[in-house]
Amino acid sequence: MLKEERHRAILNEVELHNRVLLTDLAEKLDVSIDTVRRDVKELDSENMLTKVHGGAVSLGFVNQNPARSNVYALDKKVSIAKKAVTLLRNNSVILIDGGTTCLELARLLPTNIKLTCFTLSLPVAMELLAKPNVETIFIGGTLSKDSQIAVGSTTINALTQIKVDYSFIGTGYVDAAFGLTEFDWEVVQTKKAVINASKKTVLLCISEKLNSQHRFKTCDLNVISTMVTELEAWDKKLDAFKNMNIQLL
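Residues numbered from 1 in each chain as written. Predicted model: local features only at pLDDT ≥ 70, side-chain atom pairs only at ≥ 80, totals over all residues. Heavy atoms only, no water.

Right, let's get into the pattern of salt bridges. In this structure the tally under the stated criterion is 13 salt bridges. The salt bridge partner of Asp97 is Lys191, with a shortest N-O separation of 2.6 Å. Highlighted residues: Asp97 in the loop between β4 (92-96) and α6 (100-108) and Lys191 in helix α9 (residues 185-196), separated in sequence by 94 residues. Assessed through its relative accessible area of 4%, Asp97 is described here as buried. In this structure, a network of salt bridges that share partners links the residues Glu104, Arg107 and Glu127. (Salt bridge = Lys/Arg side-chain N within 4 Å of Asp/Glu carboxyl O. Helix = DSSP H or I, 4+ residues; strand = E, 2+ residues; numbered from the N terminus. Buried < 20%, exposed > 50% of the residue type's maximum accessible area, 1.4 Å probe, protein only.)

Let's shift gears to helix α1 (residues 3-17). Taking 1.5 Å as the rise per residue, α1 with 15 residues should run 21 Å; its terminal C-alpha atoms sit 21 Å apart, in good agreement. Looking only at α1, the buried set comprises Arg6, His7, Ile10, Leu11, Glu13, Val14, Leu16 and His17. Buried residues in α1 make contact with β1 (19-21), α2 (22-29), α3 (33-45), β3 (55-57) and β10 (173-175). Asn18 lies just past α1 and shows a positive phi near 75 degrees. (Expected span 1.5 Å × (residues − 1). Contact = heavy atoms within 4.5 Å.)

The seven strands are arranged β6-β5-β4-β9-β12-β14-β15 in an open sheet whose pairing can be described as parallel. Both edges of this open sheet fall to β6 (134-138) and β15 (247-248), since each of them pairs with a single strand only. Most of the contacts of helix α5 (residues 74-85) go to strand β14 (residues 226-228), to which it runs at about 145 degrees, and overall it touches β9 (164-169), β12 (198-204) and β14. (Pairing = 2+ DSSP bridges. Axes fitted to C-alpha atoms, helices over the stretch in contact; angles between N-to-C directions.)

To continue, consider the environment of Lys131. Structurally, the position occupied by Lys131 is in the loop between α7 (122-128) and β6. The spacing of Lys131 and Leu115 is 16 residues in sequence and 9.6 Å in space, taken between C-alpha atoms. Once residues within four sequence positions are removed from consideration, Lys131 is found in contact with Ala106, Arg107, Leu108 and Leu109.

Printed below as a string of structure tokens:
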């Protein structure tokens, strides 16, 4: 594989999953860790992604600019957020997770809807402050420098004290048989706590993540009440999910 082809493949993985490990990239591309490390370093110097310890993150994940020009598949994420808004009712208590799709949901909340909204995402919290009828409650903890999301024992403990009507979450990977997965064990523990703090959990997921999986399991798919993608419910890409006890939106 030529270097240009590797660079394209690396950028696609980083943009799709927001954050990836060098070991995973090396395995996927069938090259050495040193080769991937050099590639990521070059892409970082060209301002195509951000190099972090042991991996890389997408620019749209760490740099929330007003134009959102660096957010991968923005049109699809906006479509998902618009669908998710239809689930909301006045005076509901909700929780919005971190990530670029959840941030689009926060941006698209109608200004006239009254909500109490918990979040563990600093960018989401800042966006919610612009909503006049939303009471914003930030769940603190150790802030991840990459994602600007609170994680760790303090966050998990705070989540045990609440029960929201809906939580809106993202995921790195989702598979009909294996469920939701991530590569970060700490993130998985936080997402488990979010799900346990929710009467109903809504997964916001672009279709490119369907039929993918990673090391650490967040939950089975039947734990999720609703899965929202940019696809129409009849789309064949959703066939594996249609016989499961989950609403497809």
